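# Coordinate analysis (summary)
Here is what each chain is made of, one letter per residue.
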Amino acid sequence: YQKPSSLAKSQSSGVIFFSMASGSNGPDRSKTPKHTNRLSKEKSSYLLQHAHNPVDWYPWGQEAFDKAKSEDKPIFLSVGYSTCHWCHVMERESFEDEEIGKILSKNFVCIKVDREERPDVDKVYMTFVQATSGGGGWPMSVWLTPDLRPFIGGTYFPPRDSGRRPGLKTVLLRIIEQWQSNRETLESSGERVLEALRKGTEISASPGETLPSSPDVANRCYQQLAHSYEEEYGGFREAPKFPSPVNLMFLMSFWAVNRASSEGAEALRMVLHTLRMMALGGIHDHVAQGFHRYSTDSSWHVPHFEKMLYDQGQLAVAYITAYQVSGECLLADVARDVLLYVSRDLSDKSGGFYSAEDADSFPTVESTEKREGAFCVWTAGEIRELLPDIVKGATGAITQANIFMHHYGVKEQGNVDPAQDPHGELQGQNVLIVRYSVELTAAHFGISVDRLSELLSDARAKLAEVRRARPPPHLDTKMLASWNVIFFSEPINLAVGRKYLRRNLPHGPIKVYASPIAGFLDDYAFVVCGLLDLFEATQRVHWLQWAEELQLRQDQLFWDSQGSGYFCSDPSDPTLLLALKQDQDGAEPSANSVSAMNLLRLSHLTGRQDWIQRSQQLLTAFSDKLIKVPVALPDMVRSVMAQHYTLKQVLMLADGNTEGFLYQRLPVLSTLVAQEGKATAYVCENFACALPVTCPQELRRLLLE
C-alpha cells in the first residue's frame, strides 16, 4: 500500500509509466455474482476476491503463458494482496467494470498474483516498476510480452480519465494500439530496461574483498538513523511513519556494545521514546489490542488500519527486549497486549497464525460501502451512550464518558484532521489516542490513579463488546511459514511454535503455506531462525538437527556460488527474468540478513567452521551497501557486529550421551563435567570457557559482564 499521489505520465521510446492516484470506494453486497472466473478455484484470499470480476483472470502459471504465446497477446499482470486498501479500490472501480473487463479479456491474457503467495514474481516486476516510474506499491499493474518481459509498468489506475490524468481504459486502448503498430519499439525499450536491471541489481563479493569494519558500519548506521530521527514523537521520518522494528532492534544492539558512550545512551533513548509514543498513539489499538500498519501523521495518531502478523511478531520482540533493558512495566504490558491480540484474533486451531486483518469494513450491517477504519473508530455520541454512569468521588457530576473522552482525546466533532482523511471516511469519528498520563487524568478529575485505571479498563471492555457486534474486516487466513516464525520465535510463544512446526512443516522442503507452492528463501531463513530459538529455549536436540538440515537445503537451493549471498528464489526458474538478492531490511528483515546470523549461530552450535566462512562471504557480498548506506540493512549490521564482538555461549545441556548429535558435533562437550553433582554452566567466548559455575547469581554476573 502506498499513500496516493498525483498521477504522472511520461513517454519514452513508446513506454508509458504511471505513479499512484486517488480513488473511491463502495461495493454493493446486495448483488448476486454475475460472473465467475477460474480464480474461484484458487486458495489465495486475494485471488478469490477477484473470482467474480467480468475479467478472464488466470493465476500465474503455464496455462496463462501458453495462451499468451499461442494467441500472441500481451499479458496484463496485476499484483496485490488481500488486505490492500488500494487493491480493493481498483477492483471496485475497474475490474468490476463491464466495459473495462471486456477490453482486458479480449485483448490481453490477464494474470492475477497474490504478492504474499508469490513474492518472487512480485519482486521481479516491482523492481521494473520502481526503476521505470520512480515509485512502486500495490496494486501493481504491469504489461508483459508473451515471454514474460515487461514493457510498461505502473501501480493504481483510476477507471477513466480525470482531467489530465489518464484512466485504465485509456491506458489499455493506447497499449493495444501501440502493440499493433509499434510493437518492436515497445519490446526493445522494455528489453533495454531489463538488461540495465540485471546489471544494476547484481550483488556479489569482489575477488579479495574482505568483511567491512564492524565499528565503522555500526557507527554510520547509528548516525544515519539519528539524522532521520523525529524528536517529538519518535520514529524515523515525519509522515507516513512506520514502526520499523528492524531499526529499533539495531539501536538496542548498538547500545549493548556502547553502553558507556553518549551515542549508546542516545540510541537507547530513541528506542524507548519511540516505543512509548507508539504505545500511546492511535497506531496502537487501545480497545482490541495489537498495532496497525503505520501512521499517516507524525504523531502516531491516525493509522492505516490494516494489521499485519509480521508487525505484531517483531513489535512484541522489540517491546519485550526494551523491557528487559529498561525494566519499564509499560513496555511489558504492551508486549502482552500484542500477544493477546494475535492469540485471540489471528490464531488457527492448527497452531499457526493468519496473515492479516483488512483496513476496510462495513460501518453497519446495513451498509453497502466499506470504509477504512470503520471497525475501529468512535463518535463522541457513541461513547456517551456507552459510558453514561456518574463517577462517584469525582469532581463535579462527571460521567465515565467524560473521563474516557478526556484521556483518549475524543472530541464532539471528531479528532481526525481532514488532511489525514482525504476521502472523508473518518469525518466526525475519533481515533483513540492517549493524551494524558494516568496521573494527570486522575488529578484532573480528583480520583486516585487506581480508580482511574479501573474506570478506563472497564470502559475499554465495554467498547470491545460493541466492536465485536460490528461487521468485522476481512481476515486473510493464509498462513505463511516466514511470518508465522517471526511471531512464535519470541520465547513466550514457544509452545505455540512447537505445535505449528510439527503440524504444518514436516521435515522436508518447506511450503509457503497450505498449498503446493514451494518455500522461498524467506521461508527457509525464518524457519531456521525459529528452530534455533526453539533449541536454545528447550535444549531439545531435534530442533537443532532440523535447523541444520534446512540450512543445507537452503544452501543448495539459493546460494550464489559465484558472487556469494542468497537469491530470493530459485535462480533456475525460467519464468523469473531477474535473479534477485533482497538488499533492504524493510517491514521485515531481509532473508540474507537473517541468514547471516543463522549461519553464525549454527557454526557455534554445531562446530562447523565453514558456516562462519559462509556468513562472512554473505556479508562481504553486501559490503558496498553496508559501508555506504547501512541504514538500509540495520538487521544485517547486527550480524556484522556479531562477527566482530563474537557470540557468548552458555554450553548446552550435556547429558553424557557421547554418541549423540551434540557430542559428535562438539567434541569439547566431552571435557565438561558437572561440579559436585550439581547443575553446572560453562560460559564460553572465542573458543575459550570461563571456570564452571553452579550458582545462578554467579552465572548472571558472567553473562552481564
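Looking at an unreviewed UniProt entry, one finds the protein named Spermatogenesis associated 20 and attributed to Cyprinus carpio.

### Regarding the overall build of the protein
When helices and strands are tallied, the protein shows 26 helices and 17 strands. A compact globule built from 705 residues would reach a C-alpha radius of gyration of about 27 Å, and the protein, at 27 Å, matches this within 12%. Counting only residues that meet the buried cut, the protein has 56% of its 705 residues in that class. Once local pairs closer than 6 in sequence are excluded, the contacts in the protein between residues at least 24 apart make up 68%.

### Quick notes on the pattern of salt bridges
Pairing of side chains with opposite charge becomes possible as their charged atoms draw close. Per the stated rule, a full pass over the model turns up 42 salt bridges. The closest approach of N and O atoms between glutamate 266 and arginine 269, which form a salt bridge, is 2.7 Å. Pair noted here: glutamate 266 and arginine 269 are both in helix H10 (residues 262–280), with a separation of three residues, about one helical turn. Classification of glutamate 266 by relative accessible area gives partly exposed; the value is 25%. On the accessibility criterion, arginine 269 (33% relative accessible area) is partly exposed. Members of the salt-bridge network, linked through shared partners, are Asp147, Arg149, Glu191, Glu195 and Arg198.

### Side note on the pairing of strand E4 (residues 75–80)
Judged by how many residues are buried, E4 sits mostly within the fold: six of six residues are covered. In this structure, E4 lies alongside strand E5 (residues 109–114), joined through six bridges in parallel fashion. Within the sheet, the bridge partner assigned to leucine 77 lies in E5 and is isoleucine 111.

### Concerning the packing of helix H20 (residues 541–558) against helix H21 (residues 591–606)
Between two packed helices, the angle of one axis relative to the other and the distance separating the axes together describe the packing. One can describe the packing of H20 onto H21 by two numbers: an axis separation of 11 Å at closest approach and a directional angle of 130°. In this view, H20 runs oblique relative to H21, as classed from their interaxial angle. The element H20 and its partner H21 pack so that their crossing is left-handed. Residue-level inspection shows Leu544, Ala547, Glu548, Gln551 and Gln554 of H20 in contact with H21, the latter providing Ser595, Asn598, Leu599, Leu602, Leu605 and Thr606. Of the residues contributing to the contact of H20 with H21, the split by class is five nonpolar, five polar and one charged.

### Comments concerning the nonpolar core
The biggest cluster of nonpolar side chains holds 98 residues, and the ones touching the most others in it are Phe250, Leu251, Tyr319 and Leu618. Not counting chain neighbours up to four residues away, the residues in contact with leucine 618 comprise Trp559, Ser564, Gly565, Tyr566, Asn592, Ser595, Ala596, Leu599 and Met636. Counting residues in each nonpolar core, the second largest holds 59 residues, with Tyr46, Leu104, Phe151 and Val171 among its members.

### Observations concerning empty space enclosed by the protein
Within the structure shown, the criterion is met by one cavity of 30 Å³ or more. The calculated volume of the largest cavity comes to roughly 90 Å³. As for the largest cavity, its lining consists of Gly282, His284, Asp285, His286, Val287, His292, Phe305, Cys376, Trp378, Val431, Leu432 and Arg467. Across the lining of the largest cavity, the residue classes tally to six nonpolar, four polar and two charged.

### Quick notes on the side chain of histidine 85
Inspection of the secondary structure assignment puts histidine 85 in helix H3 (residues 85–95). Among the polar contacts listed, one links the side chain of histidine 85 to the side chain of aspartate 360, at a separation of 2.9 Å.

### Points about the side chain of glutamine 551
Its location among the elements puts glutamine 551 in helix H20. Only 3.1 Å separates the side chain of glutamine 551 from the side chain of tyrosine 566, close enough to count as a polar contact. When residues no more than four places from it in sequence are discounted, the contact partners of glutamine 551 are Val528, Tyr566, Asn598, Leu599, Leu602 and Trp611.

### A few points about the sheet that holds strand E16 (residues 683–685)
Read across the sheet, three strands follow the order E15-E16-E17 without closing on themselves; strand pairing throughout is antiparallel. Edge positions in the sheet fall to strand E15 (649–650) and strand E17 (688–689), since each of these pairs with one other strand and no more. Bridge count for E15 against E16 is two bridges, and the pairing is antiparallel. Bridge pairing in E16 links valine 650 to valine 683.

### Things to note about the state of the cysteines
Overall, the coordinates contain two disulfides when judged by the stated rule. What pairs with cysteine 84 in a disulfide is cysteine 87, and their sulfur atoms sit 2.4 Å apart. Residues cysteine 84 and cysteine 87 share a disulfide whose torsion about the S-S bond is about 80°; that sign makes it right-handed. Among the cysteines around cysteine 568, which has no disulfide bond, cysteine 529 carries the closest sulfur, lying 17 Å off. The class for cysteine 568 is buried, based on a relative accessible area of 6%.

Thresholds, definitions, all that
All residue numbers here refer to positions counted from 1 along the written sequence of the relevant chain. Residues qualify for local features only when their pLDDT is at least 70, as the model is predicted, and side-chain atom pairs are given and counted only at 80 or more; totals for whole chains, interfaces and linings, by contrast, use all residues. Excluding hydrogens and water, the side-chain values take into account all heavy atoms of the structure. A run of H or I in DSSP becomes a helix once it reaches four residues, and a run of E becomes a strand once it reaches two; helices and strands are each numbered from the N terminus. Note on method: radius of gyration uses C-alpha positions; expected globular size equals 2.2 Å times residues raised to 0.38. Relative accessibility decides the category of a residue: with a 1.4 Å probe and only protein chains considered, values under 20% of the type maximum give buried, values over 50% give exposed, and everything between is partly exposed. The contact criterion used is simple: two residues touch if any of their non-hydrogen atoms lie within 4.5 Å. Think of a salt bridge as a Lys or Arg side-chain nitrogen and an Asp or Glu carboxyl oxygen that are within 4 Å of each other. DSSP calls a pair of strands paired once it identifies at least 2 bridges connecting them. The angle between two axes is taken between their N-to-C directions and runs from 0 to 180 degrees, where each axis is a line fitted to C-alpha atoms and a helix contributes only its stretch in contact. Should an angle fall under 35 degrees it is called roughly parallel, over 145 degrees roughly antiparallel, and 65 to 115 degrees roughly perpendicular, with every other angle called oblique. In this scheme the handedness of a crossing depends on how the near helix is turned from the far one: anticlockwise by less than a right angle means left-handed, clockwise means right-handed. We call Asp, Glu, Lys and Arg charged. Ala, Val, Leu, Ile, Met, Phe, Trp, Tyr, Cys and Pro are nonpolar, and the rest, Gly among them, are polar. As used here, the term nonpolar core means buried Ala, Val, Leu, Ile, Met, Phe, Trp, Tyr and Cys residues forming a set that is joined through side-chain atoms within 4.5 Å. Only protein atoms enter the 1 Å grid, on which a cavity is a set of points fitting a 1.4 Å probe that cannot get out and a pocket is an open set with protein on both sides within 12 Å along at least 5 of 7 lines, lining residues being those with an atom within 4 Å of a point. Grid points are joined across faces, edges and corners, and a volume is the space filled by probe spheres set on the points. Polar contact is the term for a pair of N or O atoms within 3.5 Å; when the atoms are in protein, one must be able to donate a hydrogen and the other to accept it, and sequence-neighboring residues count only if both atoms are side-chain atoms. When two cysteine sulfur atoms lie within 2.5 Å, the pair is treated as a disulfide.

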